[in-house]
Structures are given as structure tokens and as C-alpha cells.
Amino acid sequence: MKKNILISVGFLLAFVSCKEEKRSVETPKEITKPNIVIIYADDLGYGELGAYGATALKTPNLDRLANGGMRFTNGYASSATCTPSRYALLTGIYPWRNEQAKILPGTAPLIIDTAQNTIPKMLKKQGYHTGIVGKWHLGLGTGNVNWNERISPGPNEVGFDYSNILAATQDRVPTVYIENGHVVNLDPNDPIEVNYQENFEGEPTGLENPEMLKMKWHHGHNNSIVNGIPRIGFMKGGEVAKWVDEDMADYFLTEAQTYVKKHKDEPFFLYYALQQPHVPRTPHARFVGSSGMGPRGDVIVEADWMVGEFIKTLEAEGLLENTLIVFSSDNGPVVNDGYYDDSVEKLGDHTPAGVLRGGKYSLFEAGTRVPFFTYWKGKISSGVSDAMVSQLDLFSSIAALVDSNERTDDSQELLDLFLGQGQEGREQMVIEATSRTAFRQGDWAMIPPYDGPQINTQVNIELANSDVYLLYNLKEDIGQQNNLAKTNPEKLQQMIKAYEAIRGTEQMSVEQLELK
């Protein structure tokens with residue numbers, strides 16, 4: 001009996017040895033489906049990167065990708081604020097079609113219906129593992145979240161196999177990480193409570209306890225204090241679960257790197273949503289002073305370094321040649337957005353919006369025209385495209401890349417263009433900013449009249465509100481200084497008609513307006 005066992009074991013070892021020897025000389029199995037990574041910045045303007053003309057701020061890692069891939073000069077977010085753009089990015093649907101797609105508090109319910117299609121859902125059907133690391137800000141739960149139990153629905157219920165997120169923004173409570181629906185490091189003996197209407201008894205606030213602050217609030221950020229920073233909203237409990245702001249970029253980089261290493265042997269989709277340069281700007285000590293522009297510049301340098309380290313991981317794991325990388329921002333730039341952080345005083349010669357007018361919250365170009373490039377080592381040749389593209393188009397284009405037939409009406413299939421093999425972009429699109437919409441068609445931009453202030457004085461950004469239509473030829477006037485509505489009424493009428501065909505809302509006719 002023992003002899004038979006020894007013979008069997010010997011035969012097995014010889015067989016395994018033979019198989020190992022054969023495997024060592026075989027060509028590794030080629031992964032036919034590319035990995036897909038979307039890296040999404042938060043409030044990064046058109047003029048922030050060297051590849052887009054910045055000279056005072058150094059972004060070597062992002063410049064290397066932008067200049068080594070297909071860089072778009074007419075690349076757009078769908079909205080001039082974060083939540084709507086993120087909704088459009090993942091669903092391929094205009095955010096103004098969903099009344100809930102607006103800047104959300106940390107307690108807002110999930111605004112993507114769990115029956116709705118999304119990029120990760122579509123990719124899962126094609127055999128992809130899907131993950132999100134970083135900022136979410138699309139709502140969680142159904143409106144009454146218990147932060148001390150599994151939080152659902154959330155990213156995992158709309159297509160992500162793995163999620164490690166912050167619920168809303170870095171300046172909003174709850175200030176905790178949430179992994180697959182569970183608050184990370186939650187102590188059950190110190191339950192979390194969150195309220196956006198009223199404070200909890202005995203809890204300090206930025207308004208009433210300025211002596212506790214390491215960062216002074218300018219406007220709108222004077223509620224609960226976490227790590228010496230006043231926030232939007234009130235929070236109680238969860239002390240050991242609260243994040244350390246200065247460590248956030250490192251935390252999410254590590255999570256993104258770990259995700260890649262864990263799923264390198266299968267096709268994966270990673271949505272890596274950076275929190276920079278959104279407020280509060282809290283660079284790690286390694287980056288403090290690195291830009292000479294104060295915390296806002298420092299966190300952009302920090303974000304650039306994080307992206308560089310992430311790319312190194314893809315390279316080390318042998319994945320760079322089989323990974324499509326898309327980089328963009330959720331909306332345009334804002335300098336002072338709620339804290340005294342020297343962002344205005346130390347801006348110097350840097351122009352976050354570049355040659356564009358406006359910024360975050362604005363219907364002028366700088367609100368939605370943002371850095372936008374694709375990179376795929378060995379597949380996408382270095383180039384610059386002036387074709388108009390929207391983050392909406394990623395849904396249908398990625399679907400085409402993985403041989404999925406799924407599309408949305410608002411998302412155009414521009415795969416060849418994104419891969420540097422085509423010339424034609426979209427002809428027209430509607431852009432959005434805080435429930436107001438405008439229209440791009442060809443070289444022209446049209447903004448309907450809207451009531452309201454012309455300038456958001458808190459952030460010093462022109463909003464493009466006017467009592468008349470605004471019409472610009474962007475090819476001749478990229479800075480939108482010359483309103484042509486009065487001198488070119490035929491073009492204006494044509495733009496209004498095309499806009500209303502998509503938007504479905506009635507606007508005043510040219511004849512009813514006093515064109516100034």
C-alpha cells in the first residue's frame with residue numbers, strides 16, 4: 001500500500017514538474033479586454049496643468065500622460081458643479097434630466113436608481129471587476145441613513161463590486177471612509193449621528209468655537225469641527241473612524257494601488273476619484289510649500305504625485321500597455337471656496353481657468369471646459385484634438401471598446417476619437433450649472449437669459465446671468481468678451497431652436513427680447 005502511494009506521489013510530482021516546465025516556455029495568455037481607469041479630479045481648472053498652458057504650477061506626471069496621449073482642447077464636464085457631472089459621467093445621461101442631480105448634502109439619498117444602467121454595470125456584464133476609490137457625492141441610502149449599520153443602497157448597488165469612498169465632499173460630514181457600505185474603523189460604542197439642520201447638544205462648531213480651529217472659515221463652513229477644520233453639517237460620535245485630512249490622498253492612493261494588484265489577473269474598471277483641489281485644501285506635510293501658492297497649489301502638486309505613483313504601480317504590475325486611462329475634472333476651478341487658505345493671496349501669475357471666462361458654478365466656458373485626455377501606452381499616439389467631447393460620451397464609447405451594444409441617447413459613441421484614430425467629435429451639447437443650462441454647437445456658445453446676480457461675490461466668479469441672450473463665437477473669441485446676439489440674430493435663432501430641441505424648455509424668442 002505504501003509503495004503504491006509513493007509511486008502515485010512520484011507520478012504526480014513528475015506531472016506537475018512537467019506542467020510547470022511547459023508553462024515556463026509558453027507565451028502568457030493575452031488579456032483581450034483592456035483595463036479601464038477613470039481618474040477624476042475635483043475642481044481642477046482648464047489652466048491648471050502644464051499641458052494646458054500652466055507655467056507657474058508644475059504637474060510633470062499629469063503632463064506626461066496628457067502629452068503622451070490624446071489631449072482634448074474642447075473636453076467638457078456636463079456641469080459646472082460636482083454631483084451633476086458625476087451623475088452624467090457614470091450614467092451617460094444629462095444631469096438636468098434628473099431633478100435630484102444637484103450639489104448634495106452628506107445625508108442625501110442615492111440619486112442613481114438601482115435599476116438604472118451605469119458604466120460599471122455595463123462592464124460587469126462584459127466580465128469586468130469594478131471598483132471605486134475616492135469621492136462619491138451621489139447620495140447614499142434612501143434618505144434616513146444609519147451610519148452604524150451597512151449603508152445601502154450605494155456604489156455597490158449601482159455596479160461597483162468594490163467601493164471605498166467618502167460620502168460627499170471633504171468639507172461635509174460625515175468625515176469617515178465607507179468601504180463596501182461599512183464605516184471604516186467604526187467603534188460600536190461610539191455611534192455616529194449626522195444632521196444637516198441642527199447641531200447636537202454640547203458639540204462645538206466653527207461659528208461658536210473659533211479658538212479650536214486650525215483653518216478659519218470664510219463662508220458656509222462653520223458647523224462641526226473635525227481635525228480643527230469647520231465643516232458643512234453637524235456630526236457626533238465616530239471619533240476613531242474620522243479621517244485625518246492630511247492623510248486622505250495617501251489613503252486613497254494606497255486603496256487604488258491595492259485594487260490594481262488584487263485584480264491584475266482579470267479585466268478591471270477603476271474609478272479613481274481624487275478629492276483635490278476641492279476645499280479644505282490639506283496637503284500632507286511632504287507637499288506643504290511645494291507650489292509656492294499655498295495649500296491650493298500644494299494639493300494640485302500632491303494630486304499630480306499621486307497619479308504618478310499610481311501609474312508606476314500599473315507599470316510595475318505589467319498593466320500599463322493594457323490599460324486605457326481617462327483623466328478629467330468634474331467642473332472648473334474656484335479659488336476661495338469657503339476657507340481662508342491663502343489661495344487668493346498666493347495665486348500669483350497662475351490662472352486656474354487659463355484663457356477661459358468664469359469658473360465653477362458658471363455657464364461661461366471655464367465652468368465646464370476642463371482638462372480631458374486619454375492615455376494608453378502603445379495604443380494611443382501622442383496628439384491634440386480640437387474636437388468637442390463630453391464626459392457623457394464615455395458611456396457609449398467604453399461600451400463600444402468592450403463590444404457591448406449598450407448606449408444612451410445623450411452619450412455619443414466616439415471611441416475612435418478617444419483612441420486617437422478619428423477626427424469628428426460631437427456637434428452640439430447642453431451644459432449645466434446650478435439648474436441653469438446653456439448650449440454649445442460647433443464653434444458657438446449660447447447662454448439664455450437668467451435672473452440672478454452676475455457675479456458670485458463669495459467666490460468672485462462670473463455666473464453668466466443676464467437679462468439678454470449671450471452668443472459667442474469661441475473660435476474667434478475664446479474668452480467670451482463679445483456678445484454677438486444683437487449683431488447676429490439669425491445665428492442666435494438657429495441656436496435657440498437647436499437648444500430647445502434637446503432641452504425641451506421654452507425660451508423667449510429673439511423678437512421678445514431687448515438685445516443690448
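See the structure printed just above.
Everything numeric here is computed off the predicted structure, so don't read it as measured data. (Residues numbered from 1 in each chain as written. Predicted model: local features only at pLDDT ≥ 70, side-chain atom pairs only at ≥ 80, totals over all residues. Heavy atoms only, no water.)

(A) Structural detail: the overall build of the protein chain. Each helix and strand counted, the protein chain has nine helices and 20 strands in total. On C-alpha atoms alone, the protein chain measures out to a radius of gyration of 25 Å, which is about the 24 Å that the 2.2 N^0.38 rule sets for 516 residues. Dimensions of the protein chain, computed from C-alpha atoms along their principal axes, come out at roughly 105 × 60 × 45 Å. Expressed as a percentage of its 516 residues, the buried residues of the protein chain come to 60%. (Helix = DSSP H or I, 4+ residues; strand = E, 2+ residues; numbered from the N terminus. Rg over C-alpha atoms; globule rule 2.2 N^0.38 Å. Buried < 20%, exposed > 50% of the residue type's maximum accessible area, 1.4 Å probe, protein only.)

(B) Representation of the pairing of strand β3 (residues 129–135) within the structure. Of all the seven residues making up β3, seven are buried; the element is thus mostly covered by neighbouring parts of the structure. Direction of pairing for β3 relative to strand β11 (residues 268–273): parallel, over a ladder of six bridges. Within the sheet, the bridge partner assigned to G134 lies in β11 and is A273. Pairing geometry for β3 and strand β4 (residues 162–166), over five bridges, is parallel. Paired with I132 across the two strands is S163, which belongs to β4. (Pairing = 2+ DSSP bridges.)

(C) Seen up close, a negative patch on the surface. A cluster of acidic residues, E424, E427, D443 and E476, forms a negative patch at the surface. Tracing the backbone shows E476 in the loop between β20 (470–473) and α9 (489–503). (Patch = residues over 30% accessible without salt bridge, like charges linked within 9 Å, V, L, I, M, F, W, Y side chains within 5 Å. Areas by Shrake-Rupley, 256 points an atom, 1.4 Å probe, with all protein chains shown as cover. Salt bridge = Lys/Arg side-chain N within 4 Å of Asp/Glu carboxyl O. Lys, Arg positive; Asp, Glu negative; His and termini not counted. Charge placed at Lys NZ, Arg CZ, Asp CG, Glu CD.)

(D) Structural context of the layout of surface pockets. Size it by volume and the largest pocket reaches roughly 360 Å³. Contributing to the lining of the largest pocket are 17 residues, with N74, D386, R440, G442 and D443 lying nearest its centre. Elements represented by at least two residues in the lining of the largest pocket include exactly β2 (70–76) and β14 (383–390). Looking at which element gives the most residues to the lining of the largest pocket, the answer is β14, with three residues. As a volume, the second largest pocket reaches approximately 310 Å³. Lining of the second largest pocket is provided by 20 residues; of these, V335, G358, V459, N460 and I461 occupy positions nearest its centre. (1 Å grid on protein atoms, 1.4 Å probe; cavity = no way out; pocket = protein on both sides within 12 Å on 5 of 7 lines; lining within 4 Å. Points joined across faces, edges and corners; volume = space filled by probe spheres on them.)

(E) Fine view of the nonpolar core. Membership of the largest hydrophobic core comes to 60 residues, with the highest contact counts inside it found for L123, W136, I178, F269, Y271 and L394. Of all the elements, helix α7 (residues 393–401) adds the most residues to this core, at six residues. Among all residues touching L123, those that are not within four sequence positions of it are I36, Y128, T130, F269, I398 and V402. The next biggest cluster of nonpolar side chains, apart from the first, holds 48 residues, and it includes W243, M293, I300 and L320. (Core = buried A, V, L, I, M, F, W, Y, C linked by side-chain atoms within 4.5 Å. Contact = heavy atoms within 4.5 Å.)

(F) Inspection of the sheet that holds β3 at higher detail. Pairing is mixed across the open sheet formed by ten strands, whose spatial order is β6-β5-β4-β3-β11-β1-β12-β13-β2-β14. Bordering the open sheet on either side are β6 (182–183) and β14, each of which pairs with just one other strand. Where strand β1 (residues 35–41) lies against strand β12 (residues 323–329), seven bridges are found, and the strand directions are parallel. Its bridge partner being in β12, Y40 is matched across the sheet by S328. Sitting on the sheet, helix α3 (residues 82–91) is in contact with β1, β3 and β11, with an inclination near 170° to β1. (Axes fitted to C-alpha atoms, helices over the stretch in contact; angles between N-to-C directions.)

(G) Highlighting the sheet that holds β20. Strands sit in the order β15-β16-β17-β20 across an open sheet of four strands; the sheet is antiparallel. What marks the edges here is a single partner per strand, and that holds for β15 (428–433) and β20. Sheet twist, expressed as the average angle between the axes of neighbouring strands with direction ignored, equals 20°. Relative to strand β16 (residues 436–441), β15 runs antiparallel, the two being bridged by six bridges. Counterpart to I431 in the pairing with β16 is A438.

(H) View of the packing of helix α2 (residues 60–68) against helix α6 (residues 295–316). Where α2 contacts α6, the axes come no closer than 7 Å and their chain directions differ by 60°. Between α2 and α6, the crossing angle belongs to the class labelled oblique. Judged by residue contacts, P60, N61, L62 and L65 of α2 engage D304, W305, V307, G308 and I311 from α6. Partitioning the contact of α2 with α6 into residue classes produces six nonpolar, two polar and one charged. (Parallel < 35°, antiparallel > 145°, perpendicular 65-115°, else oblique. Nonpolar A, V, L, I, M, F, W, Y, C, P; charged D, E, K, R; others polar.)

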